[in-house]
Amino acid sequence: MGAIYDKVLDMDHDLEDLEMQVVRYKPEGLDVLCRKSKFTRKELQIMYRGFKQVECPTGIVNEETFKEIYAQFFPQGDSSAYAHYVFNTFDHDRNGSLSFEEFVMGLSVLSRGTLQERLQWAFNLYDINGDGFITKDEMTDIVSAIYEMMGRFSEPMIDENTAKEHVDRVFLKMDINRDGVITFDEFMETCRRDENITKGMAIFDTVL
């Protein structure tokens, strides 16, 4: 009986700790977020209310919850892989969860950012390991994830070979010095002079 009692006490302590974490969590001052993002104070208030009540009652969202939110927008495709990569791009401090601030800043860039800001975000998305270069394998992973998410909506249907051909074509354009990796400068230069690639960036406007 003593062991069971101790276990119950431990569970109570865990719940108290969780409650304290939730109570302590407060979003960054709205005025600060207004200055840093492209949203108004009123928009931020509405977003935070929805963020807490509907999606993330604790004010923090983990990756699994983020994937569930994504799945609601793409019910006929498999969005889990793409949601994983987007989550990592939003999660600036790499702690495995998104605060309201991180959520707002990511959404601000995607929904109202300049072309330069959105291309910077897209480069970070493709640069999966964060080393400042995009490899063909990284580009293939992202493009395949996008096709898994959107492919069923495409006519004709997109298959694995289509994704590979797309990556080969785009990578060849972007790897200007043919060293097998794409730098940020190469990425930006190619996007600026190739209107088709720039239009392709519109896929990221559908993130949330």
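Residues numbered from 1 in each chain as written. Predicted model: local features only at pLDDT ≥ 70, side-chain atom pairs only at ≥ 80, totals over all residues. Heavy atoms only, no water.

**As for the overall build of the chain**
Looking only at helices and strands, the chain features 11 helices and four strands. Here the chain holds 208 residues, and the buried ones make up 37% of them. The contacts of the chain with a sequence gap of at least 6 include a subset with a gap of at least 24, amounting to 59%. (Helix = DSSP H or I, 4+ residues; strand = E, 2+ residues; numbered from the N terminus. Buried < 20%, exposed > 50% of the residue type's maximum accessible area, 1.4 Å probe, protein only. Contact = heavy atoms within 4.5 Å.)

**Here we look at the layout of surface pockets**
Any empty space left between the atoms is revealed when a probe the size of a water molecule rolls over them. Of the pockets and cavities examined, the second largest pocket occupies roughly 220 Å³. In terms of lining residues, the second largest pocket is bounded by 14 residues, among which Thr89, His92, Gln120, Trp121 and Asn124 are the most central. Every element with two or more residues in the lining of the second largest pocket is listed here: helix H5 (80–90), helix H6 (100–112) and helix H7 (115–126). When residues of the lining of the second largest pocket are assigned to their parent elements, the largest contribution, four residues, is made by H7. For the lining of the second largest pocket, the residue count by class is four nonpolar, seven polar and three charged. (1 Å grid on protein atoms, 1.4 Å probe; cavity = no way out; pocket = protein on both sides within 12 Å on 5 of 7 lines; lining within 4 Å. Points joined across faces, edges and corners; volume = space filled by probe spheres on them. Nonpolar A, V, L, I, M, F, W, Y, C, P; charged D, E, K, R; others polar.)

**Here's the deal with the UniProt feature "domain: EF-hand" (unreviewed entry) in the chain**
Mapped onto this numbering, the UniProt entry gives "domain: EF-hand" (unreviewed entry) at residues 78–113, 114–149 and 162–197. Annotation note: span residues 114–149, helix share 72%, strand share 8%, distance between end C-alpha atoms 25 Å. Secondary structure across residues 162–197 divides into 72% helix and 8% strand, with the first and last C-alpha atoms of the span separated by 16 Å. (UniProt positions renumbered as here; feature names shortened; annotations may be inferred.)

**Digging into the packing of H5 against helix H8 (residues 136–150)**
At their nearest, the axes of H5 and H8 sit 7 Å apart, and the two run at 130° to each other. The pairing of H5 with H8 is recorded here as oblique in orientation. Between H5 and H8 the crossing geometry is left-handed. Contact residues: Ala81, Tyr82 and Tyr85 in H5; Asp141, Ile142, Ala145, Ile146, Glu148 and Met149 in H8. (Axes fitted to C-alpha atoms, helices over the stretch in contact; angles between N-to-C directions. Parallel < 35°, antiparallel > 145°, perpendicular 65-115°, else oblique. Left-handed = near helix turned anticlockwise from the far one by under 90°.)

**Considering unusual backbone geometry**
At Arg94, a residue that is not glycine, the phi angle is positive and equals roughly 55°. Mapped onto the elements of the fold, Arg94 is located in the loop between H5 and strand E2 (97–99). The phi dihedral of Arg178 is positive, around 55°, even though this residue is not glycine. Secondary-structure assignment places Arg178 in the loop between helix H9 (160–174) and strand E4 (181–183). Residue classification places Arg178 among the exposed positions, given a relative accessible area of 53%.

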